[in-house]
Protein chains: 2
Amino acid sequence: MDARSYIEAGRDGFVETLSRWLAIPSISADPAHHGDVRRSAEWLAGHLRTTGFPVVEVWETPGLPAVFAEWPAADPDAPTVVVYGHHDVQPVDPVEAWDTDPFTPTVVGDRLVGRGSSDDKGQVLFHTLGLRANLAASGADAPPVTVKLLVEGEEESGSPHFADLLARHRDRLDCDVVVVSDTTMWAADVPSMCVGMRGLTDCQIDVYGPGTDLHSGSFGGAVPNPARALAALLAGMHDADGRVAVPGFYDDVVEISPGEREAIARLPFDEAEWLRTANSAAAVGEAGYSTLERVWVRPTAEVNGMWGGHTGAGGKTIVPRSAHAKVSFRLVPDQEPLRIQERVRRYVLDNLPDGLRAEIGFGGPGVRPCASDLESAGVRAAREAMARAFGSEVLYTREGGSGPEADIADVLGAPLVFVAVGLNSDRIHAPNEKVEIPLLLKGAESVAYLWDAYATALRG
Amino acid sequence: MDARSYIEAGRDGFVETLSRWLAIPSISADPAHHGDVRRSAEWLAGHLRTTGFPVVEVWETPGLPAVFAEWPAADPDAPTVVVYGHHDVQPVDPVEAWDTDPFTPTVVGDRLVGRGSSDDKGQVLFHTLGLRANLAASGADAPPVTVKLLVEGEEESGSPHFADLLARHRDRLDCDVVVVSDTTMWAADVPSMCVGMRGLTDCQIDVYGPGTDLHSGSFGGAVPNPARALAALLAGMHDADGRVAVPGFYDDVVEISPGEREAIARLPFDEAEWLRTANSAAAVGEAGYSTLERVWVRPTAEVNGMWGGHTGAGGKTIVPRSAHAKVSFRLVPDQEPLRIQERVRRYVLDNLPDGLRAEIGFGGPGVRPCASDLESAGVRAAREAMARAFGSEVLYTREGGSGPEADIADVLGAPLVFVAVGLNSDRIHAPNEKVEIPLLLKGAESVAYLWDAYATALRG
Ligand SMILES: [Zn+2]
Ligand SMILES: [Zn+2]
């Protein structure tokens, strides 16, 4: 039986199995649901054993557990794949905004509605269906590549223990490629592959002036005003072309390749619709780049918040004693968060007027950006496998936000390939999350083909 | 008996009388003390009758009452002087910081400690002593000029009904000069005359961007950020020389005269001491002006406060939907608050990036700046009268802050002359307010001489 037929025949069972998993409210951000996250891990471990994985383990962390499973290829020289996903889900507030109970999965036509259906349980589960389809098609009792699954339980809480987990189990996770199934495609009829994610670092800048708020009648005009100085620091972070003006900020930025640029331009992007979604009156940003390029392949500096001095009703004619801002930087390959932090720190200190003092605190080490090499064997084979499953060309996208993906690639020393079938319309992190069942089946079919392709393409 | 002897002989009685008035807690900002403000007005009216004023009236307002008194000169062609002061006082919080009860006036050596001793009851009261000294010296039973007193009851609450009061009684207040006794001298041993006060207008600027806070991963870099735009607007309000860069801002500014500049430079100003008072690490401001010039004769723009986006703990990677700032402008002659408001509004709207919306709200019509003409007969005679009383040269100062003085001059169509003997060390508006009794006596002596001088100098 070919993979597609196997998968189509297994549709009802797949939906039923996924629904059982979705009924477990594994909200990692809510301590009241931490028992459910553990139940979710146990459920997944059981399912993976049923699927046929000879090795299935629940990996504890100081927080919530991950699930690891391994199914070795028959050929000891076959390549190894690590599949990354997560089994925890977002909170459901405001629960009154849901049309159905978030943990009572409901089929509506081709859709399955429920928290986690798209992010990320549905996308984890297409892997077990895909692997069974691969075996059904080959008639073998082991996959053509060694398949390792690593399914995290704290992704929606910022993966606080994930880097440690990777390091501790480094040897068990040895692999040739990391396949990440936790992103989206452009549209149901425009299959695409994510090939990069922006990184992030964020800071708080505190500028201190006079020891107390001063009366602006007596002192205004003759002492430095920290709010004015902070405004100048924030304003000076961009030049007239919308580029970030922190010296050295672009030193390590890899320019988008002509091939990727061309692929992005071919996406059916409707800027008016995008502006409606953003609820913004204009699309503006760095000169020389399109809107999609600005949010995907270009780094940014954003003022997330600022405060200082009198912020209540009415006027208060003071020179405030201090002013504060939160600023975050989206990063692209090969920017390193720690190097950017040093450059931002230097920019602030070098541009601070006399008589003021500044402190800059960064919110941790930041998140590194990641990208796939479009010319690599791993990406090309995956793109072909998806194209075969979907029956159409696969374009490239990126994501503007960040997850733990760069850490996985870094610790395991293997390239990232994103194979995922979520949609931006899936309402992940919002009420009425859903997934398109036919897309999950295409995801399963994609990996059924992909393991065969990787068996040759990734052979050393 | 000459004026000085009369005043020295009357010292004890003066202190006793002033102490009775200071015992009335006439705090206009506190509704619980509004009855006391009325008692204060009645007390003053009684005292003025005792002094000999043939006309004494309590003038009601929709708020708290003012006191008016008039003592006509014998000569119907003699000039007329309006003396301005106020009988309400500042609140006393924190009351535990006072060494003595704020409304139990206490003599400590040459000082009288109590709320209102310097600001402004002591300075109002030296006028009755001075007027009696003038009569004692001349032997006449009417002053050489018509003396009108206007003593407000809401000055410490922003004089909300004062402009109306002036307009309503415009005819009764007809005069040739307005003598204001509510300011300070440079120091006890450096007598000086205030010759100007800065005006003020203040606004709130609201910048609106996307309809909601946006995730900076998905949208950052491609939509306008209102916090960044506001920072640029605020930063752009000054140029590299510390001048206000709002177009047209300086159009009506009268440059300081060489004579006043020279007089200011002769004041024994200790910048290190001033910085300690300001608790600031540097004195900075408009290029080409000294610190005293910056706070007295130059206009400013100050960011009083700002806020927007995420201001809580930790990071939140958003493009905020809005950002806000409070900005105030100190004004100097001949800047008009309403014209400055129009220029600020135009600056904000002309410099707002695409896709953002701004609102600018001004806190009322603002306060007009005022200044005396140093070459006028009114100022020259007053300076000479003070010099005679103090036995030393009188220098010029200004005040960086603002009161209702410009309105008085404007409505009455008469020039302002400041004759006052407060000190910056009097702790007005703070705990342990005090006044130097010998300076009040010098104030009385100054006006005793001044009325004689005005009788000739101001004759039309
Ligand atoms: Zn996810
Ligand atoms: Zn006062």
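Residues numbered from 1 in each chain as written. Chains lettered and ligands numbered in written order. Predicted model: local features only at pLDDT ≥ 70, side-chain atom pairs only at ≥ 80, totals over all residues. Heavy atoms only, no water.

What follows covers helix 9 (residues 271–278) of chain A. Within helix 9 of chain A, burial applies to W274, L275 and A278 of chain A. Projected down its long axis, helix 9 of chain A carries its buried residues within an arc of 100°, all on one side. Exposed residues pointing more than 90 degrees away from the buried face of helix 9 of chain A are listed as R276 and T277 of chain A. If you follow the buried residues of helix 9 of chain A, they end up packed against helix 10 (291–296) of chain A together with strand 11 (214–215) and helix 6 (216–219) of chain B. A side-chain oxygen of the first residue of helix 9 of chain A lies 3.1 Å from the backbone nitrogen of A272 of chain A; this N-cap is D270 of chain A. Downstream of helix 9 of chain A by a residue or two, N279 of chain A has a phi angle that is positive, lying close to 55°. (Buried < 20%, exposed > 50% of the residue type's maximum accessible area, 1.4 Å probe, protein only. Helix = DSSP H or I, 4+ residues; strand = E, 2+ residues; numbered from the N terminus. Arc of directions from axis to C-beta. Contact = heavy atoms within 4.5 Å. Polar contact = N/O pair within 3.5 Å; in protein donor to acceptor, adjacent residues only side chain to side chain.)

This part takes up the pattern of salt bridges. Tallying each qualifying case throughout the model produces 60 salt bridges over all chains. Between R115 of chain B and E433 of chain B there is a salt bridge whose closest N-O contact spans 2.7 Å. Taken as a pair, R115 of chain B in the loop between strand 5 (111–113) and helix 4 (121–138) and E433 of chain B in the loop between strand 19 (422–423) and strand 20 (434–436) lie far apart in primary sequence, 318 residues in all. Note on accessibility: R115 of chain B and E433 of chain B belong to one class, buried. Between E260 of chain B and R398 of chain B there is a salt bridge, and its shortest N-O distance comes to 2.7 Å. Here the residue E260 of chain B occupies a position in helix 8 (residues 258–265), and R398 of chain B occupies one in strand 17 (residues 395–399), the gap between them amounting to 138 residues. Ionic contacts of the salt-bridge type, sharing partners, join the residues R111, D426, K434 and E436 of chain A into one network. (Salt bridge = Lys/Arg side-chain N within 4 Å of Asp/Glu carboxyl O.)

The subject of this paragraph is the coordination of the zinc ion (ligand 2). Angles at a metal have ideal values that depend on geometry: 109.5 degrees with four tetrahedral donors, 90 or 180 degrees with six octahedral donors. Residue and element names in this part refer to chain B. Protein ligation of the zinc ion (ligand 2) involves H86 (NE2), D119 (OD), D182 (OD) and D182 (OD), the donor distances falling in the range 1.9 to 2.7 Å. Around the zinc ion (ligand 2), the four donor atoms are arranged such that angles at the metal cover 52 to 143°; this shape is classified as irregular. Sequence spacing of the donors to the zinc ion (ligand 2): H-x32-D-x62-D. On the criterion of sequence distance, the pair formed by H86 in strand 3 (residues 80–86) and D119 in the loop between strand 5 and helix 4 is long-range, its members being 33 residues apart. Of the two residues, H86 and D119, neither departs from the other in class, the shared state being buried. (Donors = N, O, S within 2.8 Å, 3.2 Å for Na, K, Ca; no water. Tetrahedral: all angles 85-135°; square planar, octahedral: opposite > 155°, others 65-115°.)

As a further point, take the UniProt feature "domain: Peptidase M20 dimerisation" (unreviewed entry) in chain A. UniProt marks residues 196–353 of chain A with the feature "domain: Peptidase M20 dimerisation" (unreviewed entry), using the numbering shown here. In this annotation, residues 196–353 of chain A is assigned 32% helix and 23% strand; the end-to-end C-alpha distance for the span is 39 Å. (UniProt positions renumbered as here; feature names shortened; annotations may be inferred.)

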